[in-house]
Each structure stands twice: as C-alpha cells, then as structure tokens.
Amino acid sequence: MSTQITMNNLQDLKLSTDADKGVALIQFNRPAKRNAFSQNTIHELVAVLAHLDALDSVRALIITGGPDGHFCAGMDLNELVQITTAEAHRRFFLKDLTDAFARFSKPIIAAVNGYALGGGFEIALACDIIYAAEDAMFGLPEVKIGTIPGAGGTQRLARALGKHKAMEFVLTGDSASGSEFERLGVVSKVFPSSEVIPAATKLAERIAGLSGPVIQTAKQAVLTVENSNLDAGMVHEKSLYYSTFSLGDFQEGVSSFLQKRAPKFKHL
C-alpha cells in the first residue's frame with residue numbers, strides 16, 4: 001500500500017463531513033469481513049484521524065459500521081496469524097492505532113450496531129461516548145483463539161467495570177448485549193438499531209454547537225482520570241499481547257477459527 005493516503009482514495013473507510021454542523025462521520029467499509037480491520041484499515045484510520053483533528057470545521061466525530069451491518073469484528077485474523085512476536089515488537093503493532101485515538105483532541109462518539117468484538121470493542125472503548133443498538137454484541141473473545149486483547153481492552157474495560165467484572169469478560173471471552181453494557185455503565189445509551197446513528201449524530205451536533213476549545217479542554221480534563229496510569233498499562237498489555245503470537249495455541253486458535261472448527265489447544 002502507498003504511504004500517501006488522501007481522503008479521496010480510502011478503501012476500507014468512508015468519510016463524510018458536515019462543515020455547517022461541525023461533525024464528521026467515519027464508517028468502516030469492509031462488509032464482507034464484518035468490518036474486521038486490516039493493516040490497511042489501520043493506516044487509513046490513523047491518517048483520517050490526523051486529518052480531522054487538524055480541521056477547525058470539525059468539532060465532533062462519529063465512528064460507525066453503518067446502520068445495517070456490523071461495527072467492527074476485530075482484527076482480520078488472516079493477517080494477524082502472520083505476525084510473529086519479534087515482528088510485533090519491531091513494528092510496535094497497534095501502537096499507531098491506539099496513539100491516534102489518544103492524540104485526537106475532539107470528542108469521538110462510537111455508534112455501534114451488530115458486532116463490536118475484539119479490536120472492534122477496543123476501538124469503541126477508545127471513543128469518548130458509546131451509543132449502541134440494544135442488541136449490539138460487545139466482547140473480547142481473544143482468549144478463545146489463544147491470545148489476549150492488545151489495543152487497550154484489558155486496561156480500558158477494567159477501568160470502566162472494575163477488576164472483577166472485567167476479569168469475567170476477558171478470561172472467558174464472553175459477549176454481552178448493548179443493553180447489558182448500558183446497565184454496566186460502559187455504553188452511554190441504547191436504541192433500536194435504526195435509531196443509533198441518528199441519535200449519535202444529534203448528540204455530535206449538540207456538542208459541536210458548543211465552544212470547540214472548551215469542549216477539547218473538558219475532554220482532556222475527564223481523560224486525566226483515565227490516563228493517570230493508562231500509558232504504562234498500554235505498554236505492558238502490548239508486550240503481553242505480542243508474546244502470545246509465539247504460542248502454538250495462538251496458531252491453532254486462529255487456524256481453527258478460519259477453518260470453522262473447534263480449537264484443540266495444547267496449552268503451549
């Protein structure tokens with residue numbers, strides 16, 4: 001892929017902006033993969049976030065998978081299975097993605113329909129507000145394929161839920177609905193699926209109608225609580241995540257998923 005990404009040659013994302021309302025919308029655009037993201041998707045998302053952060057005409061952002069499909073089913077396993085522990089450390093795999101969200105100074109609203117699993121859930125957790133369909137499904141299923149979350153999932157979910165409930169989700173890989181995660185305080189509000197994006201758009205427009213600099217300052221003030229020890233946690237999480245790529249169980253987990261069969265873990 002070319003290192004030069006323009007907003008007119010996006011392949012894995014759709015971008016629209018409403019300068020009058022001060023709102024931008026990013027839509028994942030890999031429907032055949034349930035919007036699972038590739039390295040190309042990461043490159044595009046990092047570039048789009050940097051572009052939008054520099055635009056004075058954009059004061060709030062919505063990220064979605066669209067009204068009829070899935071938000072994001074995580075990392076494309078066909079690519080993930082090819083990354084070794086050494087390669088992950090060399091590339092600082094996923095650091096560009098998590099850093100792009102950390103640098104983005106304006107409010108981000110995740111509008112979630114369908115699946116938000118693995119890296120998809122981690123992207124939603126990296127946003128500032130989550131609006132979701134009542135029947136959307138959130139989860140961190142990485143343990144089921146022999147790895148762990150690597151884009152902030154262990155850190156952000158524990159901060160949102162507390163240690164014990166986060167442990168249950170992370171250690172089992174279980175999923176739960178948008179309604180359940182609203183009850184747990186992770187999802188801000190739930191709606192029928194057709195109303196998620198309109199509701200997120202209305203909220204983004206409300207926020208964008210306020211003082212841009214004040215909203216950015218307010219966001220940073222709230223993030224101070226989360227980020228006090230988050231950076232160290234993110235570094236440690238990635239190191240642990242990369243280490244799983246050397247495991248036979250990781251290779252078996254991904255292979256079994258791609259082959260649509262039950263995994264046979266050997267605990268090695």
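How each quantity is defined
- Residues numbered from 1 in each chain as written.
- Predicted model: local features only at pLDDT ≥ 70, side-chain atom pairs only at ≥ 80, totals over all residues.
- Heavy atoms only, no water.
- UniProt positions renumbered as here; feature names shortened; annotations may be inferred.
- Phe/Tyr/Trp six-rings, centres within 6.5 Å; stacked < 30°, edge-to-face > 60°.
- Helix = DSSP H or I, 4+ residues; strand = E, 2+ residues; numbered from the N terminus.
- Buried < 20%, exposed > 50% of the residue type's maximum accessible area, 1.4 Å probe, protein only.
- Pairing = 2+ DSSP bridges.
- Axes fitted to C-alpha atoms, helices over the stretch in contact; angles between N-to-C directions.
- Contact = heavy atoms within 4.5 Å.

As annotated in an unreviewed UniProt entry, the chain carries the name Enoyl-CoA hydratase and is attributed to Neonectria punicea. As its UniProt record puts it under Sequence similarities (unreviewed entry), the chain is described as follows: "Belongs to the enoyl-CoA hydratase/isomerase family."

Engineer: Just checking my understanding: could you explain the packing of aromatic side chains for this structure?
Structural biologist: The description of an aromatic ring pair rests on the distance of the ring centres and on the angle between the ring planes. The tally for this structure, following the rule as stated, stands at 12 aromatic pairs. Seen in terms of ring centroids, F138 and F181 are 5.7 Å apart; in terms of plane orientation they differ by 65°. Their pairing is edge-to-face. Taken together, the residues F138 in strand β7 (residues 137–139) and F181 in helix α8 (residues 178–183) connect sequence positions 43 residues apart. Looking at F138, the relative accessible area reads 0%, which means it is buried.

Engineer: For this particular structure, what's the right way to read the sheet that holds β7?
Structural biologist: Strand pairing in a sheet is mediated by backbone hydrogen bonds. Such pairs are either parallel or antiparallel. As summarised here, the arrangement of the 3 strands in space is β5-β7-β8, forming an open sheet in which the pairing is mixed. The two strands at the open ends of the sheet, each matched to only one other strand, are β5 (115–117) and β8 (175–177). Strand-to-strand, the axes of this sheet are offset by a mean angle of 20°, without reference to chain direction. Strands β5 and β7 of the sheet are contacted by helix α5 (residues 119–126), whose axis makes an angle of about 90° with β5.

Engineer: I keep staring at unusual backbone geometry and nothing clicks. Help me out?
Structural biologist: Apart from glycine, the bulk of residues carry a negative phi angle, and the bulk of peptide bonds sit in the trans form. Although it is not a glycine, N35 sits at a positive phi angle of roughly 65°. For N35, a relative accessible area of 5% corresponds to the buried category. Positive phi, close to 75°, is recorded for L94, a residue that is not glycine. Its location among the elements puts L94 in the loop between α3 (85–91) and α4 (95–103). Judged by relative accessible area, L94 falls into the buried class, the value being 4%.

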